[in-house]
Amino acid sequence: MIIRIGKATDNDYIADDVHVSRYHANLVRDGKGNLYIEDLNSTNGTFVNGGRVIKKKISSTDNVKLGNQYQLNITEALKFDNDYCDEFALLKPVYNNYIKQKIRTQSSNQFKTRLFQSLPFAVIGVAGLVISFFGRGRGNNGIIIISGILAVCAPTIGIYFGARQSAKIPEQLQNLANKLKIDYVCPKCGTFLGEVPWESLANKKQCSVGTCRAKWVRK
């Protein structure tokens, strides 16, 4: 892949600046995926991280200047070749975080629901032991009444709070799904990528939308 960069309008990437030559430099990616900036004997030179170069291996994070003024946006220049690989790579943690939060939400709520539903029965058991201990040798009517109230009310309260906790799960999961729909999209066309694992999408190497076909992974 070669992207021609310069001030002339027949370049692939036009850098309209007085310090840039008509045909200033080439952005080259070799067969191994390495990226190079190659100066084309320009008047004011090509600089990488402050040093003048003729040809140098670079990354999208390097500071590349054409002449002493024009800042080359490497990511934007690569988009001439429909290259959105760097932006697509940023979607991997988006998907992984979504899955982690989804599992955490489901596990946490299931634990709380079971706790609310089982705790009252434990309370009844403990209360029964306490009442039976302190009620020895005394009238049993009060004990029977209190035990009956606990037996009826405690499980009911537990079921109520357990149901309330369960009701929160769909809303929380929907909030996570809504956020995913905003963040997990094709970096070029903005199409939602669904809940498809990032690795599965990476195997496709490009967007499936016919009008987009953005490159996601370099071959």
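Up top is the structure.
Quick caveat: nothing in here was measured; it's all calculated off a predicted structure. Within each chain, residue numbers correspond to sequence positions counted from 1 in written order. Totals for whole chains, interfaces and linings use all residues, but because this is a predicted model, local features are given only for residues with pLDDT of at least 70 and pairs of side-chain atoms are given and counted only at 80 or more. With hydrogens and water set aside, each side-chain value is computed from the structure's full complement of heavy atoms.

Draft legend 1. Up close: the overall build of the protein. Per the secondary structure count, the protein includes 5 helices and 9 strands. Scanning the protein from its N terminus toward the C terminus, one meets helices and strands in the order β-β-β-β-β-β-β-β-β-α-α-α-α-α. Buried residues in the protein amount to 32% of all 219 residues. In these tables, accessible area is a Shrake-Rupley quantity obtained with a 1.4 Å probe, and a residue counts as shielded only by the protein chains included in the view. When the accessible area of the protein is evaluated, it comes to approximately 13400 Å², of which 57% is carbon and sulfur surface. By definition, any uninterrupted DSSP run of H or I lasting at least four residues is a helix, any uninterrupted run of E lasting at least two residues is a strand, and each is numbered from the N terminus. Here's how the labels work: a residue is buried when its accessible area is under 20% of the maximum for its type, exposed when over 50%, partly exposed in between, all with a 1.4 Å probe on protein chains only.

Draft legend 2. Looking closely at the sheet that holds strand β5 (residues 46-48). When DSSP locates at least two bridges between a pair of strands, those strands are taken to pair. Read across the open sheet, the 4 strands follow the order β6-β5-β8-β9; overall the sheet is antiparallel. Two strands lie at the open edges of the sheet, namely β6 (51-53) and β9 (70-72), each paired on one side alone. Taken pair by pair, the neighbouring strands of this sheet meet at an average axis angle of 35 degrees, ignoring direction. Note that strand β8 (residues 64-66) and β9 share 3 bridges and pair antiparallel. Looking across to β9, one finds that Val64 is bridged to Leu72. Here an angle of 0 to 180 degrees is reported between the N-to-C directions of two axes, which are lines fitted to C-alpha atoms, with helices fitted over the stretch in contact.

Draft legend 3. Representation of unusual backbone geometry within the structure. The phi angle at Asn41 is positive, at roughly 55 degrees, despite the residue not being glycine. One can find Asn41 in the loop between β4 (35-39) and β5. The phi angle at Lys205 is positive, at roughly 75 degrees, despite the residue not being glycine. With respect to the helices and strands, the residue Lys205 is situated in the segment after α5 (198-204). For Lys205, a relative accessible area of 32% translates into the label partly exposed.

Draft legend 4. Structural context of the sheet that holds strand β3 (residues 25-29). Taking strand neighbours across the sheet as the criterion, the 5 strands line up as β2-β1-β3-β4-β7 in an open arrangement whose pairing is mixed. Two strands close off the open sheet at either side, each with one partner strand: β2 (13-14) and β7 (55-58). Bridging between β3 and β4 involves 5 bridges; their strand directions are antiparallel. Across the sheet, residue Arg29 finds its bridge partner in β4, namely Leu35.

Draft legend 5. Spotlight on the pattern of salt bridges. Salt bridges are defined as contacts in which a side-chain nitrogen from Lys or Arg sits within 4 Å of a carboxyl oxygen from Asp or Glu. Tallied over the entire structure, the rule returns 6 salt bridges. Here Glu87 makes a salt bridge to Lys79, at a shortest N to O gap of 3.6 Å. A salt bridge links Lys179 to Asp183, with the shortest nitrogen-to-oxygen separation between them at 2.7 Å. Highlighted residues: Lys179 and Asp183, both in helix α4 (residues 141-183), separated by 4 residues, approximately one helical turn.

Draft legend 6. Highlighting the packing of aromatic side chains. Stacked, edge-to-face and tilted labels apply to pairs of Phe, Tyr and Trp rings (six-membered ring for Trp) whose centres lie within 6.5 Å, assigned for plane angles under 30 degrees, over 60, and everything in between, in that order. In total, this model carries 3 aromatic pairs according to the counting rule given. Centre to centre, the rings of Phe88 and Trp198 are 5.1 Å apart; their planes meet at 25 degrees, and the pair counts as stacked. Residue Phe88 is found in helix α2 (residues 85-89), and its partner Trp198 is found in helix α5; the two are separated by 110 residues along the sequence. Side by side, Phe88 and Trp198 carry an identical accessibility label, which is buried. Cluster of aromatic residues (ring-pair linked, three or more members): Phe88, Trp198 and Trp216. Against the face of Tyr36 rests Lys55, its NZ or CZ located 5.3 Å from the ring centre. Note on geometry: a ring has a charge over it if NZ (lysine) or CZ (arginine) is within 6 Å of the ring centre and within 35 degrees of the ring normal.

Draft legend 7. Structural view of the nonpolar core. Take the buried Ala, Val, Leu, Ile, Met, Phe, Trp, Tyr and Cys residues and link them wherever side-chain atoms come within 4.5 Å; each set so joined is a nonpolar core. Among the nonpolar cores identified, the biggest contains 19 residues, and Ile5, Leu27, Ile37, Ile58, Leu66 and Leu72 are the most heavily contacted of them. When contributions to this core are tallied by element, the ones reaching two or more residues are β1 (2-6), β3, β4, β8, β9 and α1 (74-78). Among the elements that line this core, the one with the most residues is α1, at 3 residues. In this analysis, two residues are considered to be in contact whenever any of their non-hydrogen atoms come within 4.5 Å of each other. With near-sequence residues (within four places) excluded, Leu27 lies in contact with Met1, Ile2, Ile3, Ile5, Leu35, Tyr36, Ile37, Ile58, Ile74, Ala77 and Leu78. Tyr184, Trp198, Cys212 and Ala214 belong to the second largest nonpolar core, which has 17 residues in total.

Draft legend 8. Geometry of the pairing of β1. Sheet analysis places β1 next to β3, joined by 4 bridges and oriented antiparallel. Bridging across to β3, Ile3 finds its partner in Leu27.

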